[in-house]
Amino acid sequence: MKVKVCFNLNGVPTEILVNPEMTLLEALRDIIGLTSPKCGCNHGDCGSCTVMLDGKAVKSCTVLAATVSGKCVVTLDGITPATGLTPIQQAFLEEGAPQCGYCTPGMVMAATAFLEKNPNPTMAEIKEGLSGNLCRCGGYDKYAKAVKDVADGKYGPVSERSE
Amino acid sequence: MAKNGVGARKTKYDGYGHVTGKTIYASDVKKAGALICKVLRCPYDKARILSIDTSEAKKMPGVFDVITKDDVPYNRFAMVPDNHVLAEEITRFRGQPVAAVAAATKEQALDALAKIKVEYEELPAVFDPEEAMKPDAPQVRPEGNIHMYQVGDELKDTRIIRRGDIEKGFAEADYIVEGRYKIPCIEHAPIETCASLAYMDETGTLVIHSKTQGVYFVMGDMANVWQLPMNKMKFVGNTLGGSFGSGNSVMTDHIAGLLALRTGKPVSFQLTRKEEMMASTISTPWIFEIKDGVRKDGKITARYIHVLHDCGAFTELGEYASEKNANLVAGANYIENLAVDSQMVYTNKPASGSKRGFGVNVGQFAEQVQLNKDAEACGISPMEIRFINAFHEGDHTHAGDVLRAVSTVETLQGVAKMADEKLDDKYLEMSSREVAK
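Structure report, in brief. Small disclaimer: the values here were computed from a predicted structure and weren't measured. (Residues numbered from 1 in each chain as written. Chains lettered and ligands numbered in written order. Predicted model: local features only at pLDDT ≥ 70, side-chain atom pairs only at ≥ 80, totals over all residues. Heavy atoms only, no water.)

### Details of the overall build of chain B
Working step 1: Each helix and strand in chain B was counted, giving 13 helices and 19 strands.
Working step 2: Judged by the C-alpha coordinates and their principal axes, chain B covers about 80 × 60 × 35 Å.
Working step 3: By the burial criterion, 56% of the 437 residues in chain B qualify as buried.
Working step 4: Relative to all contacts within chain B whose residues are 6 or more apart in sequence, the contacts with residues 24 or more apart total 78%.
Working step 5: A total of about 19,300 Å² of accessible surface is found on chain B, and carbon and sulfur atoms cover 53% of it.
Working step 6: The centroid of the 53 positive side-chain charges in chain B is displaced by 6 Å from the centroid of its 60 negative side-chain charges. (Helix = DSSP H or I, 4+ residues; strand = E, 2+ residues; numbered from the N terminus. Buried < 20%, exposed > 50% of the residue type's maximum accessible area, 1.4 Å probe, protein only. Contact = heavy atoms within 4.5 Å. Areas by Shrake-Rupley, 256 points an atom, 1.4 Å probe, with all protein chains shown as cover. Lys, Arg positive; Asp, Glu negative; His and termini not counted. Charge placed at Lys NZ, Arg CZ, Asp CG, Glu CD.)

Structure follows, in structure tokens:
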């Protein structure tokens, strides 16, 4: 028995039919066809599937698709500007944080949600804030430093995210 | 001042794709109507398969194909082709693929897997490489647990490298320093698990979007498995979501490709995290025993190294790693009298894949710690012992290679500077260009 889910995806009203056991990650990747949320573990451990649900960073593999009705889901596709990059994306790129890049979409989402809540964080708070996102290439220091640089204004004002 | 780009900071050429999520990895490649492949894995470390019954699984809704070893045109693969695409009579490690299903949905594939009936007889297994060397150890493979190296026309249980007169070297030494170094199993654990998308294109060519690190490593190998000419296949390498050497071993291409050939439909096969951790190739254990003869002035007069590489259940890349290790394990030191005995043994673990240096770095861990012990015995600094024994231009390695463009001394000088380590003038004035001793 399929369930109808109506939600806002990256600013677009969206309606899909899902199996009750389907996760939000599977719905985004397999039904809608987005590829920016990655599947690294499917157990809520690695963070590569991180998206924003009503402004909060969540691991989409641990959210049932059927529970997002009426909510706002934002993936990396939804925050990437038409031209250029967000300060966090620019900082990650210039710092050389991504190596293989597979954890990066999740990192951008986690960092974006984190800075919205904590605009002036300490390095320790940043590391804590990104601790749910694993990077097997070992880019942690660069990711953390990039977030600090963004918080310190080195990449310009952090613009308001469009809902 | 950056010259020709050296020293200049450049943004990664594919970095824009990474930070925007636009980079497409093998696991992101989709094909409409693709079947989902799931694999039944052996739940025992070692077992005899008494029977496999796939008849019920084949009748399950949405199922297009169920295969076992009998359906694989050529069931052996890998660099040393002793690995089994799907398990034969005796399984060798927990998680070894036994059967594969292609179905319309993941749920249907998993339901069908549950209907495959396999009768196993569990057999004794061995995990410790030194235990596996014993004559009465459980046999991992019919050929015996100890790997036989091809030396000319002969098969030998030890890869031997000799230089100089080791006994004479030990006799000249003031100290004998011994060390034993063990490296455990390490899983590569890339964040993207291994994945393949296989389909027949409009020209009848089998196309594989693969998470392989070496398209040309695997093509000939897969031509063998599928019994397909290489001009009837096309491998597409994608950006890898981390690999660290795991992508040199085939984990999904062989089965996905075969199911695409058999069903005529696109087939998507991606390992779950559990499968990646349990059944993909790993960096298997190494045990190094090093015995050095050292003079009071820090000169190493003799070195004996015994290497035992635990290769896991199949040879895979173990022999390559073992060979490479044997040739480089003695480090960047000029040692007149040197002997290496390298052995490889099979255990009931996943097979030895390549991982970050094909056995070289693990050997260097042992060798570098041993050098510190040597320095301690002579009462000199770890830096000094490295300068005293460093390779120079034109030196021979223990394997007989003549070294050109040597920079051991300059590297050590650079390292000392970075570490704020004060060096004696004689080491600061030293050069790798000095004529070989």
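### As for the pairing of strand 7 (residues 97-103) of chain B
Residues and elements named next belong to chain B.
Working step 1: With respect to burial, strand 7 is a largely interior element, seven of its seven residues being buried.
Working step 2: One ladder, built from six bridges, connects strand 1 (residues 35-41) with strand 7; its direction is antiparallel. Bridge pairing links arginine 41 to proline 97 in strand 7.
Working step 3: In this structure, strand 3 (residues 63-67) lies alongside strand 7, joined through four bridges in antiparallel fashion. Note on strand 7: the bridge partner recorded for aspartate 65 is alanine 102. (Pairing = 2+ DSSP bridges.)

### Brief notes about the packing of aromatic side chains
Residues and elements named next belong to chain B.
Working step 1: In the structure shown here, the tally under the stated rule is nine aromatic pairs over all chains.
Working step 2: Centroid distance tyrosine 44 to tyrosine 120: 5.4 Å. Interplanar angle 75°. Geometry classified as edge-to-face. Pair noted here: tyrosine 44 is in the loop between strand 1 and strand 2 (47-53) and tyrosine 120 is in strand 8 (residues 117-122), with a separation of 76 residues, a long-range link.
Working step 3: Judged by centre distance (5.8 Å) and plane angle (5°), the rings of tryptophan 286 and phenylalanine 288 are stacked.
Working step 4: Taking relative accessible area as the criterion, phenylalanine 288 reaches 0% and is therefore assigned buried.
Working step 5: Taking the ring centre of tyrosine 346 as reference, the NZ or CZ of arginine 141 above it sits at 3.9 Å.
Working step 6: Above the face of the phenylalanine 170 ring, lysine 291 is positioned so that its terminal group lies 4.5 Å from the ring centre. (Phe/Tyr/Trp six-rings, centres within 6.5 Å; stacked < 30°, edge-to-face > 60°. Lys NZ or Arg CZ within 6 Å of the ring centre and 35° of its normal.)

### Notes on the side chain of lysine 38 of chain B
Residue and element names in this part refer to chain B.
Working step 1: Along the polypeptide, lysine 38 turns up in strand 1.
Working step 2: Lacking a salt bridge, the buried lysine 38 has glutamate 275 as its closest oppositely charged neighbour, with an N-O distance of 4.9 Å.
Working step 3: Not counting the four nearest positions on each side in its chain, lysine 38 is found in contact with Ala99, Ala100, Val101, Lys106, Ala109, Leu110, Leu113, Gln270 and Thr272. (Salt bridge = Lys/Arg side-chain N within 4 Å of Asp/Glu carboxyl O.)

### A closer look at the pattern of salt bridges
Working step 1: Enumeration according to the criterion identifies 31 salt bridges over all chains in this entry.
Working step 2: Where aspartate 292 of chain B meets arginine 303 of chain B, a salt bridge forms, and the shortest distance between an N and an O atom there is 2.7 Å. Placement of the pair is aspartate 292 of chain B in strand 17 (residues 286-294) and arginine 303 of chain B in strand 18 (residues 300-310), with a sequence separation of 11 residues.
Working step 3: Under the relative-accessibility criterion, aspartate 292 of chain B is labelled buried at 0%.
Working step 4: Notably, a salt bridge pairs arginine 433 of chain B with glutamate 393 of chain B, separated by 3.4 Å at the nearest N-O pair. Of the two residues, arginine 433 of chain B sits in the segment after helix 13 (425-428) while glutamate 393 of chain B sits in the loop between helix 11 (382-389) and helix 12 (408-418), which places them 40 residues apart along the sequence.
Working step 5: The structure contains a network of salt bridges with shared partners spanning Glu95, Lys145, Asp149 and Lys154 of chain A.

### What about the packing of helix 11 of chain B against helix 12 of chain B?
Residues and elements named next belong to chain B.
Working step 1: The N-to-C vectors of helix 11 and helix 12 enclose an angle of 165°; their axes lie 10 Å apart at closest approach. One element, helix 11, and the other, helix 12, form an angle in the roughly antiparallel class. Of the two possible hands of crossing, helix 11 and helix 12 adopt the one that is left-handed. Residues Met383, Arg386 and Phe387 of helix 11 form the contact with helix 12, whose own contacting residues are Val409, Leu412, Gln413, Val415 and Ala416.
Working step 2: For the contact of helix 11 with helix 12, the per-class residue count stands at six nonpolar, one polar and one charged. (Axes fitted to C-alpha atoms, helices over the stretch in contact; angles between N-to-C directions. Parallel < 35°, antiparallel > 145°, perpendicular 65-115°, else oblique. Left-handed = near helix turned anticlockwise from the far one by under 90°. Nonpolar A, V, L, I, M, F, W, Y, C, P; charged D, E, K, R; others polar.)

### Things to note about the environment of leucine 76 of chain A
Working step 1: Residue placement: leucine 76 of chain A occurs in helix 2 (residues 76-79).
Working step 2: Relative accessible area serves as the criterion here: at 1%, leucine 76 of chain A is assigned to the buried category.
Working step 3: The sequence separation of leucine 76 of chain A and threonine 104 of chain A amounts to 28 residues, and the corresponding C-alpha distance is 9.7 Å.
Working step 4: For leucine 76 of chain A, the contacting residues outside a window of four places in its chain are Ser36, Gln89, Pro105, Val108 and Met109 of chain A together with Val19, Thr20 and Gly21 of chain B.

### Quick notes on the environment of threonine 315 of chain B
All names here are of chain B.
Working step 1: In this fold, threonine 315 is placed in the loop between strand 18 and helix 9 (318-328).
Working step 2: Excluding its chain neighbours within four sequence positions, the residues that come into contact with threonine 315 are Val80, Asp82, His147, Met344, Tyr346 and Ser352.
Working step 3: A polar atom in the side chain of threonine 315 sits 2.6 Å from the side chain of tyrosine 346. (Polar contact = N/O pair within 3.5 Å; in protein donor to acceptor, adjacent residues only side chain to side chain.)

### Concerning the sheet that holds strand 2 of chain B
Residues and elements named next belong to chain B.
Working step 1: Taken in spatial order, the three strands line up as 6-2-8 in an open sheet, and their pairing is antiparallel. Two strands bound the open sheet, and with one partner strand each, they are strand 6 (90-91) and strand 8.
Working step 2: Both strand 2 and strand 8 contribute to a ladder of six bridges, which runs antiparallel. By the bridge assignment, arginine 48 is partnered in strand 8 with glutamate 121.

### Observations regarding a nonpolar patch on the surface
Working step 1: Together, Met79, Phe217 and Tyr320 of chain B make up an exposed nonpolar region whose accessible area comes to about 310 Å².
Working step 2: Secondary-structure assignment places methionine 79 of chain B in the loop between strand 4 (76-77) and strand 5 (83-84). (Patch = residues over 30% accessible without salt bridge, like charges linked within 9 Å, V, L, I, M, F, W, Y side chains within 5 Å.)

### Description of helix 4 (residues 104-117) of chain A
Working step 1: Here helix 4 of chain A spans 20 Å end to end across 14 residues, near enough to the 20 Å set by a 1.5 Å rise per residue.
Working step 2: Across the 14 residues that make up helix 4 of chain A, a large majority, 12, are buried. (Expected span 1.5 Å × (residues − 1).)

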